[in-house]
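Listed below are the residues making up each chain.
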Amino acid sequence: MTTLNEWFEKGIPAKEFVSSMKVHKENLQSIQEVFSISAEDQGFFDELKTKELRAIVITEDWCGDAMMNIPILLNISEAANIETRMVLRDQNLELMDQYLTNGTARSIPIFIFIDRNGEEKAVWGPRAPKVQEYVMELRSDLPAKDDERFEAEQKEVFKKITMAFSEDKQLWDEVYGSIKEALGKI
């Protein structure tokens, strides 16, 4: 079985991944530029620096959740000096299947924080709890899957979610707080 250190080494450096993106690239970069870590949190991240963490991100560039969560992670990574590498989910199911959501879903992104020895220290993803509530609320109005309106209405819901993910600073703050909480347990 491949170790987390080996997965990290196989991963694509974050900057390289972002520059190669075909979908959601502009939104991701825009969030990364607009979102900022508060000065009062820098002490927390300075403390994290001493742990010499690295992050493996299981993702795909078409994923709306990744579009919102990754730029926030990258800002955290910069503040805490966490080297971050991307592993594409669809080409690496062996890794993905170790981090299923609810034991069944290949939901992404998944952030795996490891130390210098390759020991898993924390896992986060695919969504902050409040973001999950928001998405479930929007989806709750959808007709049944066999309803002829389902596909069109689902597309509209996805559009709303993508717009909110790319613009709603409150959702960004939920993601930030949730990732920070996971890192605080290390």
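Since the model is a prediction, treat every value here as computed from it, not as a measurement. (Residues numbered from 1 in each chain as written. Predicted model: local features only at pLDDT ≥ 70, side-chain atom pairs only at ≥ 80, totals over all residues. Heavy atoms only, no water.)

(A) Spotlight on helix 5 (residues 64–80). Its 17 residues give helix 5 an end-to-end C-alpha distance of 25 Å, which sits within 8% of 24 Å, the value for a rise of 1.5 Å per residue. When you tally the buried positions in helix 5, you get 16 out of 17 residues, the bulk of the element. Positive backbone phi, at 55°, marks Asn81, one or two positions downstream of helix 5. (Helix = DSSP H or I, 4+ residues; strand = E, 2+ residues; numbered from the N terminus. Expected span 1.5 Å × (residues − 1). Buried < 20%, exposed > 50% of the residue type's maximum accessible area, 1.4 Å probe, protein only.)

(B) Spatial organisation of the packing of helix 3 (residues 25–34) against helix 5. Two numbers describe how helix 3 lies on helix 5: the axes approach to 8 Å, and their chain directions differ by 35°. Handedness of the helix 3/helix 5 crossing: right-handed. On the side of helix 3, the interface is formed by Asn27, Leu28, Ile31 and Gln32, while helix 5 contributes Ala66, Met67, Met68, Ile70, Pro71, Ile72, Leu74 and Asn75. Per-class residue counts for the contact of helix 3 with helix 5 are nine nonpolar, three polar and no charged. (Axes fitted to C-alpha atoms, helices over the stretch in contact; angles between N-to-C directions. Left-handed = near helix turned anticlockwise from the far one by under 90°. Contact = heavy atoms within 4.5 Å. Nonpolar A, V, L, I, M, F, W, Y, C, P; charged D, E, K, R; others polar.)

(C) Here's a closer look at the sheet that holds strand 5 (residues 120–124). Taken together, five strands build an open sheet; the order of strands is 1-3-2-4-5 and the sheet is mixed. Only two strands of the sheet have a single partner each, and these edge strands are strand 1 (12–13) and strand 5. Of the strand pairs in this sheet, strand 4 (residues 110–114) and strand 5 are connected by four bridges, and their pairing is antiparallel. Considered in strand 5, the bridge of Phe111 is made with Trp124. Along the sheet, helix 5 contacts strand 2 (54–59), strand 3 (83–88), strand 4 and strand 5; its crossing angle with strand 3, the most-contacted strand, is approximately 155°. (Pairing = 2+ DSSP bridges.)

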